[in-house]
Amino acid sequence: MKLKTKDLLTLNELEKTELMGIIDTAIKMKRDLKKGISKPLLKNKTLAMIFQKPSTRTRVSFETGMFQLGGHALNLSADELQLKRGETIEDTAKTLSRYVDLIMARVYSHEELELLAKNSPVPVINGLSDFFHPCQILADLMTVKEKKKKLAGLKLAWVGDGNNVCNSMIYGCAKTGIYINIATPKGYEPNQEVIKESSKFVEVSLSNHPETAVKDADIVVTDTFVSIHHQTTDRTNDFLPRFQVNSNLMKKADPSAIFMHCLPAKRGQEVTSDVIDGHQSVVWDEAENRLHAQKALMVALLRRV
Ligand code: CP
Ligand code: NVA
């Protein structure tokens, strides 16, 4: 499969068929890997990974994925690059793309990522910005497809902060036909442009009522109340106790509902331990699927060039 887009910055760049193609390829790659089959589809390819912020899953899944595909990944902390001494993002993009085939970056400001992509002839992948986290949603949709055997027509409830993960989730639901009910405290709504754009394709409902959002949901999702770019502010009082996913709230969802969280989780805040460790939780499969989904994504992006 060849993608029309050079970069993946939001998830909205992917056409519906491209998104479904990546998910299906990822499911096949996962199955193959468990049978010991791993094709060196990215032999001699190098991925540069720039991190302005900490990461466990993104870093390890990209590096492992590249290794499994026969390629190589470079972990570059932004503090150790000349960026730290004032070299511009534009010059960094132009330089790195002379060495590597692919760049993944985790940044504070989404605008920096756009600059990186604009100045890089090689594909750029968003490994999380203040506005979007598309790789997470590739893995999430893959997980939903594995568990529910379909995507279109399902009901997803997002409870908590309308953050970067939520913005990409809205795009993901719009492209795959999943109805999305979002419950946030007032002032914590997701990006208005994303909602406006996505509402053309699927029903996106916004409220301040977690119980209404999760009613009969097939999938219940939450994320931290305090994202990395909000670390200096104390926002938890605006969320607790109403916006916590606990067993009482899960009871309002469909009995076969699954619980998802991109991780890392703050147990006792956005989710209780009995839910995240409970029988409805699929968070470890979701974390694993970052590996498979990103492998499928990298292969698809590099087929284009
Ligand atoms: N979900 C996620 O992106 O995890 P990390 O911050 O550990 O990469
Ligand atoms: N919303 C969280 C996701 C972490 C993977 C953050 O930006 O910190």
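Each remark here, short or long, concerns the structure printed above.
Here is what the cut-offs are and how they apply
- Residues numbered from 1 in each chain as written.
- Chains lettered and ligands numbered in written order.
- Predicted model: local features only at pLDDT ≥ 70, side-chain atom pairs only at ≥ 80, totals over all residues.
- Heavy atoms only, no water.
- Axes fitted to C-alpha atoms, helices over the stretch in contact; angles between N-to-C directions.
- Helix = DSSP H or I, 4+ residues; strand = E, 2+ residues; numbered from the N terminus.
- Parallel < 35°, antiparallel > 145°, perpendicular 65-115°, else oblique.
- Left-handed = near helix turned anticlockwise from the far one by under 90°.
- Contact = heavy atoms within 4.5 Å.
- Nonpolar A, V, L, I, M, F, W, Y, C, P; charged D, E, K, R; others polar.
- Near = heavy atom within 4 Å.
- Polar contact = N/O pair within 3.5 Å; in protein donor to acceptor, adjacent residues only side chain to side chain.
- Areas by Shrake-Rupley, 256 points an atom, 1.4 Å probe, with all protein chains shown as cover.
- 1 Å grid on protein atoms, 1.4 Å probe; cavity = no way out; pocket = protein on both sides within 12 Å on 5 of 7 lines; lining within 4 Å.
- Sits in = over half its atoms within 2 Å of the grid points.
- Expected span 1.5 Å × (residues − 1).
- Buried < 20%, exposed > 50% of the residue type's maximum accessible area, 1.4 Å probe, protein only.
- Pairing = 2+ DSSP bridges.

### Quick notes on the packing of helix H1 (residues 16-34) against helix H5 (residues 134-148)
Okay, step 1: Interhelical geometry of H1 versus H5 gives an angle of 70 degrees and a closest axis separation of 10 Å. Considering their axes alone, H1 and H5 lie roughly perpendicular with respect to each other. Like other packed secondary-structure pairs, H1 and H5 cross with a definite hand, here right-handed. Contacts from Leu-19, Ile-22, Ile-23, Asp-24, Ala-26, Ile-27 and Lys-30 of H1 reach H5 at Leu-138, Leu-141, Met-142, Lys-145 and Glu-146.
Okay, step 2: For the contact of H1 with H5, the residue count by class is eight nonpolar, no polar and four charged.

### What about the site of ligand 1?
Okay, step 1: By nearness alone, every residue bordering ligand 1 is listed as Ser-55, Thr-56, Arg-57, Thr-58, Arg-106, His-133, Gln-136, Cys-262, Leu-263 and Arg-290.
Okay, step 2: At 2.8 Å, a side-chain N or O of Arg-106 approaches an oxygen atom of ligand 1.
Okay, step 3: For ligand 1, a nitrogen atom lies 2.9 Å from a polar atom in the backbone of Leu-263.
Okay, step 4: Relative to its unbound accessible area of 260 Å², ligand 1 is 95% covered by the protein chains.
Okay, step 5: If you map ligand 1 onto the pockets, it falls in the largest pocket.
Okay, step 6: Of the residues assigned to the shell around ligand 1, the class counts are two nonpolar, five polar and three charged.

### Concerning the packing of H1 against helix H6 (residues 164-176)
Okay, step 1: It is the contact of H1 with H6, at a shortest axis distance of 9 Å, that shows an interaxial angle of 100 degrees. The angle between H1 and H6 falls in the class roughly perpendicular. Two secondary-structure elements touch here, H1 through Lys-16, Leu-19 and Met-20 and H6 through Gly-172, Lys-175 and Thr-176.

### Concerning H1
Because each turn of an α-helix spans 3.6 residues, side chains separated by three or four positions in sequence point in the same direction.
Okay, step 1: Taking 1.5 Å as the rise per residue, H1 with 19 residues should run 27 Å; its terminal C-alpha atoms sit 28 Å apart, in good agreement.
Okay, step 2: For H1, the complete set of buried residues consists of Glu-18, Leu-19, Gly-21, Ile-22, Ile-23, Ala-26, Ile-27, Met-29, Lys-30 and Asp-32.
Okay, step 3: The positive-phi residue at the C-terminal boundary of H1 is Gly-36, with phi of around 90 degrees.

### Brief notes about the pairing of strand S8 (residues 219-222)
Okay, step 1: Where burial is concerned, the two faces of S8 agree: the one with Ile-219 and Val-221 and the one with Val-220 and Thr-222 are both buried.
Okay, step 2: Where strand S5 (residues 155-159) and S8 come together, three bridges link them in parallel fashion. Looking at the pairing, Leu-156 lines up with Ile-219 of S8.
Okay, step 3: Sheet topology places S8 next to strand S9 (residues 258-261); four bridges connect them, and they run parallel. Directly across from Ile-219, in S9, lies its bridge partner Ile-258.

### Digging into the site of ligand 2
Okay, step 1: In the vicinity of ligand 2, the contacting residues are Leu-128, Asn-163, Asn-164, Val-165, Asp-223, Thr-224, Ser-227, Ile-228 and Leu-263.
Okay, step 2: Between Asn-163 and ligand 2, the recorded distance is 3.3 Å, taken from a side-chain N or O atom to a nitrogen atom.
Okay, step 3: Between ligand 2 and Asp-223 there is a distance of 2.7 Å, counted from a nitrogen atom to a side-chain nitrogen or oxygen.
Okay, step 4: Taken by itself ligand 2 offers 270 Å² of open surface, and the protein chains cover 95% of this.
Okay, step 5: With respect to the detected pockets, ligand 2 is housed in the largest pocket.

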